Amino acid sequence: MYHLLFTLLACQVMSNLNTPRKSTMDVGIEKAQVDEFPYEIEVVANNLNIPWALAVDNRNDIYFTERTGNIWLIEEGELYNKPLYTFDYPFQSTSEGGLMGIALDEDFENNGYLYVMYTYRDQGRLNNAIARLVRTNHELIFNQVLLDKIPGGRTHNGGRIKIGPDGKLYITTGDAEVPELAQDLTSMAGKILRINVDGSIPLDNPFSNSPVYSYGFRNPQGLAWDTNGILYASEHGTNANDEINVIVPGGNYGWPNVQGDKTQDAISIQMPLLQSGEITWAPSGMDFANQGPWKGKLMVANLRGEQLLVITIFETEEGNKEASAEGWLYREYGRLRDVVRGNDGSVYIATNNRDGRGNPRFMDDKILRLVLTEKFSASLSKGKYFQ
């Protein structure tokens with residue numbers, strides 16, 4: 001039932017990331033490394049309204065946003081009977097905007113701090129903001145806005161936020177339907193931003209007194225760090241040319257001048273680690289698995305691609321990064337918006353079939369939990385897989 005769809009052997013990221021390089025992409029079929037899908041799938045919650053982002057605490061409780069404005073809690077495996085918080089006016093849920101990213105403070109168990117990104121309307125214009133809320137029992141109290149007036153639009157809002165291994169808050173923003181803003185370093189649109197959790201600007205940001213960490217993005221919706229602290233991001237192309245990028249401080253990722261594996265002599269850009277070529281993934285949330293059969297691999301939720309990409313990243317003898325990708329769960333659950341790892345080896349996925357672009361299925365939308373099968377766990381203990 002759970003088929004390996006395809007394998008993409010893809011673009012190199014050269015060791016000198018600041019130099020424009022040509023990259024190539026071969027599409028082929030590679031034998032699966034396991035003979036069946038190594039997880040059992042449970043439905044953790046259903047009948048949801050466009051769940052956008054997931055965050056898992058140390059107890060494996062799940063906090064998640066609905067794009068329509070609610071923050072929910074799944075506690076000890078059960079969905080709490082009402083939202084912890086609901087945004088209201090001037091909050092706006094648009095075609096792609098609304099309540100999006102969510103992140104828990106590193107000291108969440110003690111301070112209860114939770115961060116979100118949301119869209120609001122001000123004097124007829126759409127903006128995005130980053131806010132901090134505080135949990136008190138089974139409710140959240142709005143605490144303060146940390147970063148405001150990020151350009152917003154009906155589409156291309158980015159929206160992912162995560163706290164990095166350095167304790168800083170990272171934010172993806174889209175070009176707000178104005179492509180040239182992505183190359184404008186005075187604008188927060190089309191960027192990956194980096195701020196301290198109190199809203200101040202880190203002194204070691206690549207551009208002085210600016211939250212901009214990297215630029216030249218159309219609509220990035222995923223962030224994840226590997227065990228070496230290297231940051232990766234997913235990026236929506238136009239009708240294709242979706243990208244998985246290695247993020248370097250101050251790096252220019254090309255939009256709107258170039259996308260995919262194209263280059264331009266006039267500007268120095270970072271080439272993608274992986275790109276979709278003429279097909280469309282619409283890659284969104286992503287995370288690295290830290291246990292189980294996919295340990296060390298990058299998991300990427302696909303919207304239009306309706307699959308979970310599982311990406312293996314490796315280095316050549318020359319020190320260049322390369323990647324191959326396996327597509328799982330193809331069209332089994334429709335559009336996938338986010339994927340995060342749990343603390344027990346589980347993987348959580350949010351579907352987005354009610355976002356106006358999918359075909360809602362019975363009891364959509366859902367949050368799924370991938371749990372290691374007994375067969376795989378036994379085989380893993382014997383060293384059968386991935387020796």
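Please refer to the structure higher up on the page.
Scope of this entry: the structure provided in the associated data block.

Parameters at a glance
- Residues numbered from 1 in each chain as written.
- Predicted model: local features only at pLDDT ≥ 70, side-chain atom pairs only at ≥ 80, totals over all residues.
- Heavy atoms only, no water.
- Helix = DSSP H or I, 4+ residues; strand = E, 2+ residues; numbered from the N terminus.
- Buried < 20%, exposed > 50% of the residue type's maximum accessible area, 1.4 Å probe, protein only.
- Contact = heavy atoms within 4.5 Å.
- Areas by Shrake-Rupley, 256 points an atom, 1.4 Å probe, with all protein chains shown as cover.
- Salt bridge = Lys/Arg side-chain N within 4 Å of Asp/Glu carboxyl O.
- Core = buried A, V, L, I, M, F, W, Y, C linked by side-chain atoms within 4.5 Å.
- Lys, Arg positive; Asp, Glu negative; His and termini not counted.
- Polar contact = N/O pair within 3.5 Å; in protein donor to acceptor, adjacent residues only side chain to side chain.
- Pairing = 2+ DSSP bridges.
- Axes fitted to C-alpha atoms, helices over the stretch in contact; angles between N-to-C directions.
- Phe/Tyr/Trp six-rings, centres within 6.5 Å; stacked < 30°, edge-to-face > 60°.

### Side note on the overall build of the chain
The helix and strand inventory of the chain stands at two helices and 27 strands. For the chain, buried positions account for 59% of its 387 residues. In the chain, of all internal contacts separated by at least 6 residues, the share reaching a separation of at least 24 is 56%. Total accessible area on the chain stands at roughly 16,200 Å², and carbon and sulfur atoms take up 45% of it.

### Comments concerning the pattern of salt bridges
Any two side chains of opposite charge can pair, given that their charged atoms come close. Taken as a whole and assessed by the stated rule, the structure comprises 15 salt bridges. With its nearest N and O atoms 3.5 Å apart, the salt bridge here joins R59 to E75. Here the residue R59 occupies a position in the loop between β4 (51-56) and β5 (62-66), and E75 occupies one in strand β6 (residues 70-75), the gap between them amounting to 16 residues. Residue R59 is classed as exposed on the basis of its relative accessible area of 52%. D122 is the partner of K149 in a salt bridge, and the nearest nitrogen-oxygen pair spans 3.2 Å. Here K149, found in strand β12 (residues 139-151), pairs with D122, found in strand β10 (residues 113-122); they are 27 residues apart in sequence, far enough to count as distant. Since its relative accessible area comes to 48%, K149 is described here as partly exposed. In this structure D122 comes out as partly exposed when scored by relative accessible area, which is 30%. A single network of salt bridges, built from pairs that share partners, joins R59, D61, E75 and R135.

### Some thoughts on the nonpolar core
I71, L114, V116, Y118, L169 and I171 are the most contacted members of the largest nonpolar core, which has 38 residues in total. The residues touching Y118, leaving out its near neighbours within four places in the chain, are F87, F91, G98, L99, M100, N127, N128, A129, A131, F142 and V145. Judged by nonpolar contacts, the second largest core, of 17 residues, contains Y39, A289, W294 and Y333.

### Some words on the side chain of D57
Among the secondary structure elements, D57 is positioned in the loop between β4 and β5. No salt bridge is formed by the buried D57. Its closest oppositely charged neighbour is R59, at 4.4 Å. At a separation of 2.9 Å, a polar atom in the side chain of D57 contacts the main-chain amide nitrogen of R59. If we skip the residues at most four places from it in the chain, D57 touches Y63, L104, F108 and N343.

### Re the pairing of strand β27 (residues 367-372)
By the criterion of burial, β27 is predominantly enclosed, with five of the six residues buried. By the bridge criterion, six bridges tie strand β3 (residues 39-45) to β27 in an arrangement that is antiparallel. Bridge pairing in β27 links E40 to V371. Relative to β27, strand β26 (residues 347-351) is paired through four bridges, and the arrangement is antiparallel. Across the sheet, the residue bridging to A350 is I367, located in β27.

### What to know about the sheet that holds β10
With antiparallel pairing, four strands are arranged side by side in an open sheet as β9-β10-β11-β12. Two strands lie at the open edges of the sheet, namely β9 (99-104) and β12, each paired on one side alone. For this sheet, the mean angle separating the axes of adjacent strands, direction not counted, is 25°.

### Observations concerning the packing of aromatic side chains
Evaluation of the coordinates by the stated rule reveals 17 aromatic pairs. When the ring of Y85 is compared with that of F142, the centres are 6.5 Å apart and the planes differ by 35°; the resulting orientation is tilted. Of this pair, Y85 sits in strand β8 (residues 85-86) while F142 is found in strand β12, placing the two residues 57 residues apart along the sequence. Aromatic side chains F87 and Y118 sit 4.8 Å apart centroid to centroid with 35° between the ring planes, which places their arrangement in the tilted category. Linking F87 in the loop between β8 and β9 with Y118 in strand β10, this pair joins segments that are 31 residues apart in sequence. Residue classification places F87 among the buried positions, given a relative accessible area of 8%. Under the relative-accessibility criterion, Y118 is labelled buried at 9%. These aromatic residues form a ring-pair network of at least three members: Y85, F87, F91, Y118, Y120 and F142.

### Points about the environment of L308
Mapping L308 onto the fold places it in strand β23 (residues 308-315). For the pair L308 and R335, spaced 27 residues apart in the sequence, the C-alpha separation amounts to 9.5 Å. Once residues lying within four places of it in the same chain are set aside, the contact partners of L308 are W294, M299, V300, A301, E326, G327, W328, L336, V339 and I349.

### Thoughts on unusual backbone geometry
Cis geometry marks the peptide bond from W255 to P256, where omega comes out at 5°. Within the element layout of this structure, P256 appears in the loop between β19 (243-247) and β20 (274-275). Note the cis peptide between D364 and D365, where omega equals -5°. Mapping D365 onto the fold places it in the loop between β26 and β27.

### Brief notes about the environment of S93
Here S93 is to be found in the loop between β8 and β9. For S93, a relative accessible area of 36% corresponds to the partly exposed category. Taking the C-alpha atoms as reference points, S93 and T119, separated by 26 residues in sequence, lie 6.9 Å from one another. At 3.3 Å, the side chain of S93 and the backbone oxygen of R67 are in polar contact.

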